[in-house]
Structure formats: structure tokens, C-alpha cells
Amino acid sequence: KSRKRIDEIDNDLVNLISERTSLARSIVLAKVFLGMEIYDKSREAQVHAKVNKLAEDLNIDNDILSDIMDMLTTLSKNRQKEILEEWLWEILEPHL
């Protein structure tokens with residue numbers, strides 16, 4: 001029974017990661033509009049502060065949870081870069 005529930009949670013986690021990553025399009029659009037860089041040091045600091053608090057509250061290893069959040073932000077930044085490259089190609093291609 002526990003293994004089945006772990007499998008369900010794993011599926012939920014993957015779906016949530018997919019949903020989180022899919023938000024990259026709207027995030028990068030806002031960053032372009034506002035003239036922001038893909039890497040937002042202050043936002044990442046906020047995310048880590050929030051995760052540190054959650055880790056403490058839930059008694060989860062902070063270092064491991066921080067590594068997981070780093071991986072998630074890397075996924076998002078990589079997707080944002082891909083989207084920017086696609087947009088740039090769409091703009092430049094007709095002129096080549």
C-alpha cells in the first residue's frame with residue numbers, strides 16, 4: 001500500500017514539475033517586457049528563503065531540498081532560454 005502511494009506521489013511530483021516548467025513562457029514574456037534578465041538573483045534568493053523555512057518547518061534536510069529547488073529553477077531558466085531562442089529565430093528567419 002505504501003509503495004502504491006509513493007508511486008502516486010511520484011506521478012504528482014512529475015506533473016507539478018511539468019506544470020511549473022510550462023509557466024516559463026509567461027515568465028519570459030514578462031521578463032522581456034520589463035527588460036529583465038533570465039537570471040533574477042533576488043527572486044531566486046526569495047525562493048530559497050521560502051524553501052529554507054519550509055524545510056525547517058517540515059523537518060526536511062535543507063541542503064537536499066535546496067538542491068532540488070536549484071534543479072527546478074535550472075529547468076525553468078533553460079526553458080525560458082529555449083523560448084527566447086525560438087522567438088529570436090522567428091523574428092530573424094524571414095530576413096535571412
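Our subject is the structure that appears above.
1. Remarks on the overall build of the chain
Turning to step 1, where the next piece is worked out: Check the secondary structure of the chain and you find 4 helices and 0 strands.
Turning to step 2, where the next piece is worked out: Along the chain, helices (α) and strands (β) appear in the sequence α-α-α-α when read from the amino end.
Turning to step 3, where the next piece is worked out: Taking 12 Å as the expected radius of gyration for a compact globule of 96 residues, we find that the chain reaches 17 Å, considerably beyond that expectation.
Turning to step 4, where the next piece is worked out: Considered along the principal axes of its C-alpha atoms, the chain spans approximately 60 × 30 × 15 Å.
Turning to step 5, where the next piece is worked out: For the chain, buried positions account for 21% of its 96 residues.
Turning to step 6, where the next piece is worked out: A total accessible area of about 7800 Å² is found for the chain, and carbon and sulfur atoms account for 59% of it.
Turning to step 7, where the next piece is worked out: Computed over 14 positive and 19 negative side-chain charges, the separation of the two mean positions in the chain equals 4 Å.

2. Description of helix H3 (residues 41-58)
Turning to step 1, where the next piece is worked out: Taking 1.5 Å of rise per residue, 18 residues should cover 26 Å, and H3 covers 25 Å from first to last C-alpha, within 8% of that figure.
Turning to step 2, where the next piece is worked out: Along H3, the residues that are buried comprise Glu 44, Val 47, His 48, Val 51 and Ala 55. The buried residues of H3 occupy one face: seen down the axis, they fall within an arc of 95°. Across H3 from its buried face, at more than 90 degrees, point the exposed residues Gln 46 and Glu 56.
Turning to step 3, where the next piece is worked out: Contacts from the buried residues of H3 go to helix H4 (62-92).
Turning to step 4, where the next piece is worked out: After H3 finishes, the residue Asn 59 shows a positive phi value of roughly 60°.

Reading the values: the criteria
Residues numbered from 1 in each chain as written. Predicted model: local features only at pLDDT ≥ 70, side-chain atom pairs only at ≥ 80, totals over all residues. Heavy atoms only, no water. Helix = DSSP H or I, 4+ residues; strand = E, 2+ residues; numbered from the N terminus. Rg over C-alpha atoms; globule rule 2.2 N^0.38 Å. Buried < 20%, exposed > 50% of the residue type's maximum accessible area, 1.4 Å probe, protein only. Areas by Shrake-Rupley, 256 points an atom, 1.4 Å probe, with all protein chains shown as cover. Lys, Arg positive; Asp, Glu negative; His and termini not counted. Charge placed at Lys NZ, Arg CZ, Asp CG, Glu CD. Expected span 1.5 Å × (residues − 1). Arc of directions from axis to C-beta. Contact = heavy atoms within 4.5 Å.

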